[in-house]
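Chain by chain, the residues:
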Amino acid sequence: VFALCLGVPMILVTSELSSMFPDDGGYSIWVSEAFGEFWGFQLSYWSWVAGTMDNCLYPVITFRLAEALLFPGVVGFWSSWLCKSVLAVAFSIPNFFLIDELGKGLAVVFVVVIFPFIILSVNGFLHGDF
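Here the structure is a predicted model, which is why all the values come from computation and not from measurement. Along each chain, numbering runs from 1 in the same order as the chain's sequence is written. For this predicted model, a pLDDT threshold of at least 70 governs which residues receive local features, and a threshold of 80 or more governs which side-chain atom pairs are given and counted, while totals over whole chains, interfaces and linings are taken from all residues. Each side-chain value is derived from all of the structure's non-hydrogen atoms; neither hydrogens nor water enter the calculation.

**So, a negative patch on the surface**
Okay, so step 1: Side chains of D23, D24, E33 and E37 sit close together on the surface and give a patch of like negative charge.
Okay, so step 2: Working definition: helices are DSSP H or I runs of at least four residues, strands are E runs of at least two. Numbering for both runs from the N terminus. By the element assignment, D23 lies in the loop between α1 (2–20) and α2 (27–35).
Okay, so step 3: Its relative accessible area of 53% is what places D23 among the exposed residues. Residues form patches when they are more than 30% accessible in relative terms and have no salt bridge. Like charges link within 9 Å. Nonpolar side chains (Val, Leu, Ile, Met, Phe, Trp, Tyr) link within 5 Å. Only the protein chains shown count as cover for residues, and the accessible areas themselves come from Shrake-Rupley with a 1.4 Å probe. Take a side-chain nitrogen of Lys or Arg and a carboxyl oxygen of Asp or Glu: if they are within 4 Å of each other, that pair is a salt bridge. For this count, His and the chain ends are skipped, Lys and Arg are scored as positive, and Asp and Glu as negative. Where a charge lies is defined by one atom per residue type, namely NZ (Lys), CZ (Arg), CG (Asp) and CD (Glu). Burial classes follow relative accessibility: with a 1.4 Å probe on protein chains only, a residue under 20% of its type's maximum area counts as buried, one over 50% as exposed, and anything between as partly exposed.

So, in structure tokens, the structure goes:
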């Protein structure tokens, strides 16, 4: 219910503004047009900072999960640092490819992620006790 209450209005606003401003730039352009260049820049800059800080967390979280599951308490400081660096580079590799290849890769990831949900949903509808 929460996802619908949050997601549907966001989808409607995004589709309306995207059709009104067909330029590349998304919400940065929308804010610049509504509130001026200063606030458009502020939104773009702080969004970039938040995205950078958010993306810094993924290698650490991935490594800590793998360490807890595979090698609890065994990995030292330098090997931990090296593994996190390798993960950071591995996570950034898709950004070095052209946008077409990245889009095709994300489409494959989408299919791989959504497929189990479709199978489980169909199975639930067929065998569920309503």
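Now that the structure is up, let's keep going.
**Some details on a nonpolar patch on the surface**
Okay, so step 1: On the surface, V109, F110, V111, V113, I114, F117, I118, V122 and L126 cluster together into a nonpolar patch covering about 860 Å² of accessible area.
Okay, so step 2: Considering the arrangement of structural elements, one finds F110 in helix α5 (residues 99–127).
Okay, so step 3: With relative accessibility at 54%, the residue F110 sits in the exposed group.

**With respect to the packing of aromatic side chains**
Okay, so step 1: Working definition: a ring pair exists when centres of Phe, Tyr or Trp rings (six-membered ring for Trp) sit within 6.5 Å. Plane angles under 30 degrees give stacked, over 60 give edge-to-face, the rest tilted. Summed over all chains, the structure comprises six aromatic pairs.
Okay, so step 2: With 4.8 Å between their ring centres and 80° between their planes, F38 and W39 make a pair best called edge-to-face.
Okay, so step 3: Overall, the relative accessible area of 51% leaves F38 in the exposed class.
Okay, so step 4: Their ring planes at 15° and their centres at 6.2 Å tell us that F41 and Y45 sit as a pair that is stacked. Taken together, the residues span about one helical turn, with F41 and Y45 both in helix α3 (residues 37–70) at a distance of four residues.
Okay, so step 5: An aromatic cluster is defined as three or more aromatic residues linked by ring pairs; in this entry it consists of F41, Y45, W46 and W48.

**A word on the environment of Y45**
Okay, so step 1: With relative accessibility at 35%, the residue Y45 sits in the partly exposed group.
Okay, so step 2: Taking the C-alpha atoms as reference points, Y45 and V89, 44 residues apart in sequence, are found 23 Å from one another.

**A look at the side chain of S80**
Okay, so step 1: For S80, the position within the fold is in helix α4 (residues 77–92).
Okay, so step 2: By relative accessible area, which is 11% here, S80 ends up buried.

**Things to note about the packing of α2 against α3**
Okay, so step 1: One way to put it is that α2 packs onto α3 with a least axis distance of 6 Å and a crossing angle of 155°. Classified by the interaxial angle, the pair formed by α2 and α3 is roughly antiparallel. Judged by the sense of rotation from one axis to the other, the crossing of α2 with α3 is right-handed. Contact with α2, carried on its side by Y27, S28, V31, S32 and F35, involves E37, W39, G40, L43, S44 and S47 of α3 and no other residues of that element.
Okay, so step 2: Gly counts as polar in this scheme, as do all residues outside two lists: the nonpolar Ala, Val, Leu, Ile, Met, Phe, Trp, Tyr, Cys and Pro, and the charged Asp, Glu, Lys and Arg. Of the residues contributing to the contact of α2 with α3, the split by class is five nonpolar, five polar and one charged. Only the stretch in contact is used when a helix axis is fitted, and all axes are lines through C-alpha atoms; the angle between N-to-C directions ranges over 0 to 180 degrees. Every angle not falling under 35 degrees, over 145, or within 65 to 115 is termed oblique; those three ranges are roughly parallel, roughly antiparallel and roughly perpendicular. A clockwise turn of the near helix away from the far one marks a right-handed crossing, whereas an anticlockwise turn of less than a right angle marks a left-handed crossing. Throughout, a contact is declared for two residues whenever any of their heavy atoms are within 4.5 Å.

**So, α5**
Okay, so step 1: Over its 29 residues, α5 extends 42 Å from the first C-alpha to the last, a length consistent with the 42 Å expected when each residue adds 1.5 Å.
Okay, so step 2: Maximal helix bending in α5 amounts to about 30°, located at I114; proline P116 follows within four positions. By this rule, a helix spans an expected 1.5 Å times one less than how many residues it contains. Here the bend at each residue means the angle between axes fitted to two seven-residue stretches, the one ending at that residue and the one beginning there.

The analysis is restricted to geometry; functional conclusions fall outside its scope.
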